[in-house]
Amino acid sequence: MVGAPRSTRLSSRRRPMTGGSEPPLEVQVRAAEAGDEHAVMRLVNTITEELFGPFNVIAVIEKAIFAVTLVDMNEEVVGFAAFYDHPNVPGVHPGQWEAWAETEFGLPRFNSFNTVFLHLFVTKPDFAVGCVQEIIRSVLAAVPQLNQILLCVPVHNHPDPALSDLFKPINKTVKASSNATTTIFIAKRQDFAPVLHIRTAKMEDNDDLTPIFARHKNRLRETYGDFFVAELIDSQDDDHKALVAEANGRACGFMSLSTNVNLDLLNATFELGPFHGLRKPDEGDILEEPKESEEDLEQEQEEVKEVFDYEATIVLLGDENTGKSSLMKTAVSLDPNPLPESLSPQGFPQVSLRREAFEKKILLNLVKLPGEITEDNEQAVVKAIQAADCATFLYNNLIIDTFEHLPSVWGPLVQAIEDERQAEYERQKQEAEESAEATEEPEDTDENPENPEAASKEVAAVAEPEKPDAIIKAVIGSRSDGEAFVDITAVDSFAARFSASLMPVNNQESESVSNALYRLTEVIARNTFGLATPKIEQDILEMAEVPPTPIDPPAQLPQLEPAFQQTFVGASNCFCVQLFCIKDEFETRSTDFLAHAFQCFPDRDFLILTVPHLVPEFALLQSFVRVPPRMNTTLQQELYVFHRCGLLADFHVRPSISDDFPAVEKLTASIENSEAILEDLQKYNEARRDKDGTPLHAFSAICSDQVVGVAIVRQEENIEYLKSHYNIEDFIYYSHHARSEHGHLFHFVLNPIFAHLTKLFLKEIMRQDVKSSLFYPTFPTTAEEADSSHTLVTCMSDLVPVKPRRQISYPVDSLFGNIPSERVLKEEAPFALLHINRKLVLEPKIAINARIVVVGASDAGLAFLESLAFSPHLKFNNLTLVSPHGLPGELAVTHDAKHMLPSSLAFTKERLDKISLKSWINIVFGKCTGINRKSKLVITDDGSIVPYDHLILATGTQFQVPFPVGIYGNASEEDIYKEFEQPTNLFTINDEFEADQAVYYIKAVVAKSQEQVIVYGSSLEAYMCVHTLLRLGVSGERITFVHAPRVQGQADCFNNPDVLAAVQASLDAANVVTKAESELYSWDLDPSNTITTVTFRVGDEYETCGCGTLFAYAERRVDYSAFRAVNDSCLIFDGRVVIDSQFHTNDTAIRACGPLTKFSRRYHADQWSHANFYSRQVGHELACSLLKLFDPTIEKDDDDSDELNKLIPIYTDPKVTLAQLPGGLTYLDVRKPSLNVPVEERRQTENYGRELVTGDAANAADTPYFLVHVNAYNSVETVTCLAKSCDVRHGNLLCLYGKNEKFLNNLVSRFDEGLITDFYTYFNEPWAMALFHDRFQNILDEIRDILKQPPPDSDEAESEVFAKKIRDLVEENLTIKSSEMRELLTDYKKEGYKRAVETRLLSYLSYNYYHLPMYAKPGMV
């Protein structure tokens, strides 16, 4: 188990400690770790167990709120102590000891907030007194609210002298029971670290204070002048105060206070709504968004109902992202409660629309047609299409003011509507008369009524006054069965007359508008029917008989509307800290200033403090509440707030009662899904459990007899699943916690002014409910559980995220029933897990306010963010990701889109859901288009500004639009982009969002047309694009796959001739036309900017192909916007962003990683770059390099940084590729990071090793292909699979990389003997499951450590270590002879290494038996 991170609060500087006759010993107090167990046990003596009873050291460490170890300079343990928040007295409930202490010993004000109990103490005898003093002093300094430490011992025992000198006995009360078995001793704070005396500053304090400010005198002198302390003290008045802290008669701290606060600036910059804007309540405050009155709403509904008096309509909506239009059938219901499905028109989804929502849907979702639109006429075209689409709606709804400012458009619009109404009336009348005449010879058709009586009724109907929606029916039409259809002729006619009646600025605009409207008609027909524009109503009816397959709309980026901002106008209710400083040894007593500060301003309730982002959070700020900034703020300060109620000592936690319900309802009124909190609270009040019998516990936080917080906890019934799927054992030893001690946190709400007491609230929950750990899941936005059973807790930042575990993919059929339990194997919706335990409740996280901005959601960028967010003892408050499409996996893309791109398996959708990065970072949707290095700002394409202190560039490389050389020649990219407009049918796909747009286009347009589709490129993505086209119904004859030229000497995308041949055979079988490597020479565009033909060049020959759609995968380059941002900011760019071995650019505040980068030429390694390595490992290493700036627990390297910077780093994790290829094949490739050299050349090298192959790539669908490349050192270097999806357990096969073939059950010898015919079957056998376990590498490391230790069974202190023997033999001869090997094996057995290794291996299998039940344990056989 990886232990919990070292405590930062309990770590102290080394200081000398004396004891007995021994010389002074330099010691340090730190948090205890499980590894201290053996050292602590050596300090135990007979008195220890008499005082504290029997104990298990690891169990004591696990359950203690403080477990501290005293170590010397050599890290040798000289003392240990464990503190709990309840007494170790049999029969006293941990959650009810306060009543016992008051009754037995008269301690009424002692509670778990200000008191701890010493449960275990051991030390070296010679340093006992000094050890006790040092430990107690450190604990009291770490927890400011702690006032005393109690020691409970059996009544007939007495503490040893070291303790009895510092702990004094407490007399029992007269009410104490006569048979009491416990005596209590107390150590008070004032005897070790007294509370500081706070008073008003005087001029004579200047001499004491000047040395304290010495470290910052230059900056302070620039801000306040040379005599700033004296001036601040001398200028005190009603609005300015100065306080000092006094210890031992001398000033040791200073605080300057002022009421001059710019509240308007703070409210504009920070989210101060929970603090009422730091102002006093006023009648003019606007706290809620104004709502429409019910009368206005009813009137609007009536107005809309008069116009939209129909059940079904077809609305033309445009997608401003793709420029494509789609027809959507919508049942319009004015009732806010939609009709039951059984009553709604068949196939029509229901939408409840209010007037403004409908207007927005029609007017704002405009059809934007490419081709004819230019900057000069764009507005006219949009308005024309807008009017043509909803003219009648506007006219009948009397929304005249919409176009009042456009008389040139409104006039023709009204006239067009009136003309169309009259024409429709005449046409309907004529049709009715003809229909009546036709009844003399009735025909059984849809167009003619079955009897003359019906015909006469129809004529009568026409004779009646026409309805206001006549024009709608002209365009939409109606079949006899009531189903709506589109009369394209009517649309065509109306579009033509309307465009002709417009009064454009010039003839060119008139032609463009007319073309756009006719193009609109074509798009309607193409998207709806997939054919040329139909002209006859009968054609439409015939096509409508076969209902079209519904097409899922493409993913849409979230549209964030500005949140309503409350307005506060009352008088100021705050004052601020202007200047604060205190001596280091008294820093933890900084909160002693607060009470006196509020006495200086009794009419103010808030104390605020601002600090620069890069200033580390000091002890005083840990009692304040950080206020999050608003979006796009550039203020260089963080704001912290403290409310005077935070000083109240009566804050306490108790089980909820029924009378708390109204207060909880008011407290949670503004919380989303607050109904779930109230429902669970009601269950607790009624039955103390759920309907299924699960125990339910509710707790209320009380201050001044008011409910200020509530929490609801259930018994964690899913602990086996959590243990097996998440690394909870990074924080706890599971075997030392009873099942009943695990709790599941469902709700947690605490008033913001008490947010600094969050961990105390959590501690009390665990103490009173007898829990040792709490778990809280966060579900993705698509999970139902996120909205039903849990609410977003306010304590999330105080919990630690738990990393998910990689799971074994069990071949159930091959394990003969020896599989894990259902609790482990069950499939649940993925969720991220947060955790806290008793060891962490009083361990504050180190807050990092530095603004760290990552540009690009690449694997490297996500790995960097994950590493920072999952640092359990750090809290990064300002992590920001800038990405055009946000976090991968967050948008609802189709399954087809996901399979259009290869995966590195670094961040799958499941893993992203299980780490929930969005919980820890801010996301800015946009593309970086500029970097202001002087002001440290990132500018995005929509004009947003993102400030940074550390900038990480991780955009990667993307497929770019190819520029045909026959058109653009050698023009620079900058010159081309000045006038370039991307053709409408050209796609470059780089992420899931773009893939989803392409999939939608393929389904809606490509699959329904007969035009040719060209896929240009030689990358793996190009093959996957062809596979997607085939899957979506595009026939192979329509697909032309043109390979792009490769760089001379580089391998193809598979670097495996067998796989390449197999994939080509699949393309041939699908009749895909494949062309050899060709250069895209030119293309032809029609007036709508659509590619119609493409010309390729091979040598001196040219070939022209028809083109309906072009997918370009020719070359990955740095995105042009990213290049401009980098180049314009004067960062060094040499084809890629130039970095050194530590990720630095030429700006110390800007780092870069991933394929975007290249190493500086001074390394003479131009062929190597981050693109050669696994991006996830690169991002993790970048995070490690940055953490050295913030994490005090990381030991800084003493080596010269210049020496370390002379070589490029080499990363060892394999590069992984998973893809879906034509023929329905799954392709998996796991290989060592290397240069892109063809495998044929590699095979010629002397140390290549050998390839072991089963199956046949040419027939991979029936005989799956599996290649294992074992290098010259017998380690697996490459794994390549080509098979049907069900045959590839990629999660397991990744684990083969880097393993010696001996670990794989003597893979090579078994293969040579013919015992292995199918690697898929071989690695599905039970023996292999341990190889795939996520902790298998841990057991290998432990075995290596055993071999590095002296022989276990040898009594000779100077015995040679076994690992050294092997190293000496290898260094001498490079190989080990047979005789030497036999001698090593003899020593391995004789010296006890074999027994030690086997014992450790059996322990590993036993400890992880819940994952590995297929292995026999001792005693089973």
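A short tour of the structure in this document, coming up. (Residues numbered from 1 in each chain as written. Predicted model: local features only at pLDDT ≥ 70, side-chain atom pairs only at ≥ 80, totals over all residues. Heavy atoms only, no water.)

1. A word on the nonpolar core
Move 1: Within the largest apolar cluster, 149 residues are counted, with the highest numbers of intra-cluster contacts made by Phe-83, Phe-167, Leu-278, Phe-651, Phe-748 and Phe-864.
Move 2: A per-element tally of this core places helix α5 (residues 128–142) first, with eight residues.
Move 3: If we ignore the near neighbours within four places in the chain, the residues touching Phe-83 are Ala-64, Ile-65, Phe-66, Val-68, Val-116, Phe-117, Leu-118, Ile-135, Val-139 and Ile-149.
Move 4: Val-1288, Phe-1319, Leu-1369 and Val-1397 belong to the second largest nonpolar core, which has 55 residues in total. (Core = buried A, V, L, I, M, F, W, Y, C linked by side-chain atoms within 4.5 Å. Buried < 20%, exposed > 50% of the residue type's maximum accessible area, 1.4 Å probe, protein only. Helix = DSSP H or I, 4+ residues; strand = E, 2+ residues; numbered from the N terminus. Contact = heavy atoms within 4.5 Å.)

2. Things to note about the sheet that holds strand β40 (residues 1079–1085)
Move 1: Pairing within the open sheet is antiparallel, and its three strands lie in the order β40-β41-β42. Edge positions in the sheet fall to β40 and β42 (1101–1106), since each of these pairs with one other strand and no more. Mean inter-strand twist for the sheet, computed between neighbouring axes without regard to direction, equals 25 degrees.
Move 2: Pairing of strand β41 (residues 1091–1098) with β42, which is carried by six bridges, proceeds in the antiparallel orientation. Looking at the pairing, Thr-1093 lines up with Gly-1106 of β42. (Pairing = 2+ DSSP bridges. Axes fitted to C-alpha atoms, helices over the stretch in contact; angles between N-to-C directions.)

3. Considering the side chain of Lys-1365
Move 1: Within the secondary structure, Lys-1365 is located in helix α43 (residues 1362–1373).
Move 2: Each residue touching Lys-1365, except ones within four places of it in the same chain, is listed here: Glu-1360, Leu-1384, Asp-1387 and Glu-1391.

4. Here's the deal with the environment of Ser-700
Move 1: As for its placement among the helices and strands, Ser-700 is situated in strand β20 (residues 696–703).
Move 2: C-alpha of Ser-700 to C-alpha of Ala-711: the two residues are 11 residues apart in sequence and 6.6 Å apart in space.
Move 3: A polar side-chain atom of Ser-700 sits 2.7 Å from a polar atom in the side chain of Ser-656. (Polar contact = N/O pair within 3.5 Å; in protein donor to acceptor, adjacent residues only side chain to side chain.)

5. Considerations on the sheet that holds strand β21 (residues 706–715)
Move 1: Read across the open sheet, the seven strands follow the order β19-β20-β21-β22-β23-β25-β24; overall the sheet is mixed. The open sheet has two edge strands with one neighbour each: β19 (652–655) and β24 (800–802). Ignoring which end each strand starts from, the neighbouring axes of this sheet average 35 degrees apart.
Move 2: Relative to strand β25 (residues 832–837), β24 is paired through three bridges, and the arrangement is antiparallel. Directly across from Val-802, in β25, lies its bridge partner Leu-833.
Move 3: Its contacts with the sheet put helix α22 (residues 674–687) on β19, β20, β21 and β22 (742–750), and the angle it makes with β20 is roughly 105 degrees.
Move 4: Helix-sheet contacts for helix α24 (residues 758–768) involve β19, β20, β21, β22, β23 (773–778) and β25, and the interaxial angle to β22 is about 140 degrees.

6. Regarding the pattern of salt bridges
Move 1: Per the stated rule, a full pass over the model turns up 60 salt bridges.
Move 2: For Lys-914, the salt bridge identified is with Glu-910, shortest N-O distance 3.3 Å. In this pair, Lys-914 and Glu-910 both sit in helix α29 (residues 909–915), four residues apart, roughly one turn of the helix.
Move 3: By relative accessible area, Lys-914 is classed as buried at 6%.
Move 4: With a relative accessible area of 46%, Glu-910 lands in the partly exposed category.
Move 5: Among the ionic pairs, Lys-927 bridges to Asp-1119, the shortest N-O distance being 3.9 Å. With a gap of 192 residues between them, Lys-927 in the loop between β30 (922–925) and β31 (928–932) and Asp-1119 in the loop between β44 (1116–1117) and α35 (1120–1128) connect regions that are remote in the sequence.
Move 6: One continuous salt-bridge network, built from bridges that share partners, spans Asp-85, Glu-98, Lys-763, Glu-764, Arg-767 and Arg-838. (Salt bridge = Lys/Arg side-chain N within 4 Å of Asp/Glu carboxyl O.)

7. Digging into unusual backbone geometry
Move 1: Located in the positive-phi region is Leu-278, a residue other than glycine, with phi close to 60 degrees.
Move 2: Summarising the element assignment, Leu-278 is placed in the loop between α10 (263–269) and α11 (294–307).
Move 3: Positive phi outside glycine occurs at Ser-704, with the angle close to 55 degrees.
Move 4: Looking at where Ser-704 falls in the secondary structure, it is placed in the loop between β20 and β21.
Move 5: The class of Ser-704 is partly exposed, set by a relative accessible area of 36%.

8. A word on the packing of aromatic side chains
Move 1: Following the criterion strictly, the structure yields 44 aromatic pairs and no others.
Move 2: Seen from their ring centres, Tyr-1120 and Phe-1123 are 6.2 Å apart, and the 35 degrees between their planes marks the pair as tilted. Linking Tyr-1120 with Phe-1123, this pair stays in helix α35, spanning three residues, or about one helical turn.
Move 3: With a relative accessible area of 11%, Tyr-1120 lands in the buried category.
Move 4: One aromatic cluster in this structure is built from Phe-963, Tyr-968, Tyr-977, Phe-980, Tyr-1120, Phe-1123 and Phe-1133.
Move 5: Directly above the ring of Phe-746 sits Arg-714, whose terminal nitrogen or CZ lies 4.1 Å from the centroid. (Phe/Tyr/Trp six-rings, centres within 6.5 Å; stacked < 30°, edge-to-face > 60°. Lys NZ or Arg CZ within 6 Å of the ring centre and 35° of its normal.)

9. A short note on the environment of Val-1253
Move 1: Along the polypeptide, Val-1253 turns up in strand β50 (residues 1250–1254).
Move 2: As a C-alpha pair, Val-1253 and Leu-1267 span 14 residues in sequence and 4.5 Å in three-dimensional space.
Move 3: Ignoring anything within four residues of it in the chain, the contact list for Val-1253 reads Tyr-1265, Phe-1266, Leu-1267, Phe-1311 and Phe-1319.

10. Examining the pairing of strand β43 (residues 1109–1113)
Move 1: Most of β43 sits out of view: five of its five residues are buried.
Move 2: A two-sided burial pattern is seen for β43, the buried positions comprising Thr-1109, Phe-1111 and Tyr-1113 on one face and Leu-1110 and Ala-1112 on the other.
Move 3: Of the strand pairs in this sheet, strand β36 (residues 986–987) and β43 are connected by two bridges, and their pairing is parallel. Looking at β43, one finds that Leu-986 is bridged to Leu-1110.
Move 4: With five bridges joining them, strand β37 (residues 1013–1017) and β43 adopt parallel strand pairing. Paired with Val-1015 across the two strands is Phe-1111, which belongs to β43.

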